[in-house]
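# Results of the structural survey
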Amino acid sequence: SVIETGELQVILEDIADRVAGMSERGKVAQYIPELASVDLNQFGIAVAPIDGAPVSAGNADTLFSIQSISKVFSLTEALQHVGATLWQRVGREPSGDPFNSIVQLEHERGIPRNPFINPGAIVVADVLLEDRSSDEAVNDVLNLCRTLAEDASIQVDKAVADSEMRTGSRNRALAHFMKAEGNLKAPVEDVLSLYFRQCSIAMSCRQLAVAGRYLAAAGQNPADGSTVLSAQRARRVTALMMMCGSYDASGEFAFRVGLPAKSGVGGGILCIVPGIASVTAWSPGLDAKGNSHLASIAFQELVRATGWSVFGPS
Ligand code: GLN
């Protein structure tokens, strides 16, 4: 249902007030040194309706590391470039394992279960390098984010990218394993250079919410009516978000919230309300599965207040 702006503002302020008072906030990601120093006491939320101005509360204009949320934009680019042939190299099933797990790759000959776990996104990055250098591909992902968010100021946070490049042994292992199985074409370091930099793009809740609107609008960018993805592909990306967007907590998120979502270890969660809006909540503290603790709670409350779950109101 469409909710009037003033009413939505009250709902968001109320959610921000409530989560600000919660003492359990989760833990910031420790394995990326640059993210380990982010202040836990921040929370923001922004709703970008497909046919109106964004509404927000809390620290909705603070930049944070979008991390795995970038996998939505890189997947979008890869589908634009190679279309359905992408699915020869990456699957469409939830993994049930952590986002950086290697175990399935051995059983499934280097084909990752889906594009939203790390090995899947690393394959997607490799697809983007088929006819371009890492620098060019980073610029393409960045420019897609800038266009969709209608904000040319969006940048890669170099300190975060360097931090991941230095400490990313686990992602390196995933990439080398897939290389050995013949599922990476470009040199591993080129692929990782793109992957780490796309993860290090810094955006705010408001920018991300605006950027996600095409997925709520059947693949069309509401800003200018241009087609980002066909309606079928946009629907497929949101299906993947629902099934795989929160890693091995995707079932739990669907159970509690019931919206297609993509989370990142920077503490952001992008949710799509099909036909209505794109929403981002952010708070840096993560739960044990790597999803933002307070942003997850915020989405539960938002869905309760708006009835926006795709499975019906509660
Ligand atoms: N850059 C992070 C990594 O590769 C992304 C993980 C995430 O956000 N879940 O580990």
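If you're wondering where the values come from, they're calculated on a predicted model, not measured in any experiment. (Residues numbered from 1 in each chain as written. Predicted model: local features only at pLDDT ≥ 70, side-chain atom pairs only at ≥ 80, totals over all residues.)

## Section: the site of the ligand
What surrounds the ligand is the set Gln67, Ser68, Phe99, Asn100, Asn118, Glu164, Asn171, Cys199, Gly264, Val265 and Gly290. Here the shell around the ligand is built from residues that sort into three nonpolar, seven polar and one charged. Counting residues domain by domain, the shell around the ligand receives three or more from each of domain 1 (5-67 + 202-306) and domain 2 (70-199). (Near = placed C-beta within 6 Å. Nonpolar A, V, L, I, M, F, W, Y, C, P; charged D, E, K, R; others polar. Domains from an automatic or database assignment.)

## A short note on the domain arrangement of the chain
Split by domain assignment, the chain resolves into domain 1 (5-67 + 202-306) and domain 2 (70-199). In this assembly, 30 residues from domain 1 lie in contact with 31 residues from domain 2. Among the secondary structure elements, those contributing two or more residues to the side of domain 1 that touches domain 2 are helix H2 (33-36), strand S5 (201-203), helix H10 (205-211) and helix H12 (231-244). Among the elements that line the side of domain 1 that touches domain 2, the one with the most residues is H12, at five residues. Here the residues of the side of domain 1 that touches domain 2 sort into 19 nonpolar, seven polar and four charged. (Contact = placed C-beta atoms within 7 Å. Helix = DSSP H or I, 4+ residues; strand = E, 2+ residues; numbered from the N terminus.)

## Some details on the environment of valine 279
Considering the arrangement of structural elements, one finds valine 279 in strand S8 (residues 277-282). Looking at valine 279, the number of C-beta atoms within 10 Å reads 32, which means it is buried. Sequence separation between valine 279 and leucine 194 is 85 residues; the distance between their C-alpha atoms is 26 Å. (Buried ≥ 20, exposed ≤ 12 C-beta atoms within 10 Å, placed from the backbone.)

## Points about the confidence of the model for the chain
For the chain, the average pLDDT comes to 96, and 100% of its residues sit at 70 or higher. Here the prediction assigns the complex a pTM of 0.97, and the interface score ipTM is 0.96. (pLDDT = per-residue confidence, 0-100.)

## Points about the sheet that holds strand S1 (residues 44-49)
Think of a sheet as strands paired side by side through backbone hydrogen bonds, with each pair either parallel or antiparallel. If you walk across this open sheet you meet the five strands as S2-S1-S8-S7-S6, and the pairing is antiparallel. Bordering the open sheet on either side are strand S2 (55-58) and strand S6 (261-263), each of which pairs with just one other strand. The average angle at which neighbouring strand axes cross in this sheet is 10°, direction not considered. The strands touched by helix H1 (residues 5-20) within the sheet are S1 and S2, with S2 carrying the most contacts at an inclination of about 20°. (Pairing = 2+ DSSP bridges. Axes fitted to C-alpha atoms, helices over the stretch in contact; angles between N-to-C directions.)

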